[in-house]
Structures are given as structure tokens and as C-alpha cells.
Amino acid sequence: MNSVRNIRSHTEKRQNRDYSHNKLVLVPKFAGCRQEWGIYMIKNIVFDMGNVLTIYNARDYIFRYVDNEEDFCWIKNHVCTSVEWVQMDRGSITDDEAIAAICQRVPAHLHDTAARFIREFRMVQLPNPSMEKLVKELSERGYGLYLMSNIPHRFRVFSKYIKSIEYMNGIWISCEHGLIKPEASAYLNLFETFSLNPAECFFVDDTPVNVEAAKRLGMDGCVYYGNVAELRANLRKVIEVDPA
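Residues numbered from 1 in each chain as written. Predicted model: local features only at pLDDT ≥ 70, side-chain atom pairs only at ≥ 80, totals over all residues. Heavy atoms only, no water.

### Considering the overall build of the chain
Along the backbone of the chain there are 12 helices and 7 strands. When the 244 residues of the chain are sorted by exposure, 52% land in the buried category. Taking the intrachain contacts of the chain between residues at least 6 apart in sequence as the baseline, contacts between residues at least 24 apart amount to 66%. (Helix = DSSP H or I, 4+ residues; strand = E, 2+ residues; numbered from the N terminus. Buried < 20%, exposed > 50% of the residue type's maximum accessible area, 1.4 Å probe, protein only. Contact = heavy atoms within 4.5 Å.)

In C-alpha cells, the structure reads:
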């Protein structure tokens, strides 16, 4: 755990901000080793993107490309939950390489569909106005806001259409680091990249295993279930934020 111990606390770059309104929380400094408890103020909120900053329903999205249940299952199982999908998120293969591998498994009539699905994935994002309002409020209150997402390189193309992104102080995407959540090394890389103290961060993700992994490394957080009012209630336990 030396790499965790060597992470610098959030430094002078942000110390000119007024954190007097923050709530103090009792958290372990580090996990996976001897617990050292201390009082910290949450200064940073780390957000996942898909189905958090944006609205994403996998079934609805896939049915933009197919018109029956059988084809839906082919795309869901052999594209969205494929090994190649994970490799694209990691940045270890290109879209073309993924398409070539996937098309060896799916029926011929879905080859063009699979290719279009991969190349166009999330190029159109449904806005999440209530989340945008929350992110804007957190920014105005002086919190550091960070994005941590498992996503391939096309993020740099479509991210400009996601309004909440403009409030981020730092963006960490898996394909640019060769690491993916919930790997411990991904979180450690996030902390090191932006000089974050995990005990001063709160993580919001829609996948429980990702939140659990963050907690193991000393970053508290909660699972987002699509309800911004519920998220605000969870945030109010550790920071000052409006109830709605």
C-alpha cells in the first residue's frame, strides 16, 4: 500500500477555496492495511458518466438499432458485454479490431448493425437536467469535480455535448490510462493524476462493485440509482448541498 501512502493530499492549488461550510466526516485513511481513523472534510466529488451524468437505458438504446428480441440479445451479449467491449474501454484495441472479432460470432445480418453500434455508441446522449443542476451547484459551492469513467476514445468526440462535463476540474477516462474500474490501480491512478486525497473525495457511480472498490481504498461514495433527490440526500450527509 505504499503507493496509497504516497498520494499527496489535495494541495495548495485548491486551498484558496473556502471549505468552511463542509461537514466533517470520520473515515479510514486507508483500506487494506491497518485502519487509521481521522476527521476529514469532503472537498471533491468524483462522478461516473454513463447513467449518472447522462441518462442511459441499455435496452432502449439497443432497440434504436434492432427491432426484435433475438437481435437485441445478440447485440447485448456479444457487443455490450463482450471481452472486446472491455478492451475498448481499456484502450487496448481499436474499434475496427473489436468489430472484426465480434463479427466472427454474430449472425451475418447483424454485421453492419454491430459495426454501426460500436462506432456510434453514445454519440447521442440524453441530457439529465436535474443532474446538471446539481453539478452546477456543487461547482458554484467550490467543490472539486472530477469524472472517472470506463469509456473508449470516442469520449473526446461526444463529451462536448454533455453539459455537466464543462464543470469538471479533471477528467479521467479508462482508455487513456489502460486501467478500468473496479481495478484498484485505476483509483490509485486517479488520485495520483489529480493529487487527490481519497479521504477528501466522495464517489458517485451506478455500479455497486465500483463504489465498493473505491471504499476499500479510502474514498467514500454511494451508488446512484437514477434518483437525483436520493443522491442529494446522500451528499447532504457529508457536504452542504440543497435538498432539491
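Anyway, onward from the coordinates.
### Brief notes about unusual backbone geometry
Note that the residue after K181, namely P182, is joined by a cis bond; omega there is 10°. If you trace the backbone, P182 turns up in the loop between β5 (170-173) and α10 (184-193). Within the chain, S195 stands out as a residue other than glycine whose phi angle is a positive 50°. Summarising the element assignment, S195 is placed in the loop between α10 and β6 (201-205).

### Concerning the pairing of strand β3 (residues 44-47)
Along β3, one buried face is formed by N44 and V46 and the opposite face, lined by I45 and F47, is buried too. When β3 meets strand β4 (residues 144-149), the two strands line up parallel, connected through 4 bridges. Paired with F47 across the strands is L147, a residue of β4. The pairing of β3 with β6 spans 4 bridges and is parallel. Residue F47 lies in a different strand from β6, and its bridge partner there is V204. (Pairing = 2+ DSSP bridges.)

### A few points about the confidence of the model for the chain
Per-residue confidence for the chain gives a mean pLDDT of 86, with 84% of residues at or over 70. Long-range and interchain partners of residues 25-38, a stretch whose pLDDT sits below 50, account for 34 contacts in this model, where long-range means more than four residues apart. (pLDDT = per-residue confidence, 0-100.)

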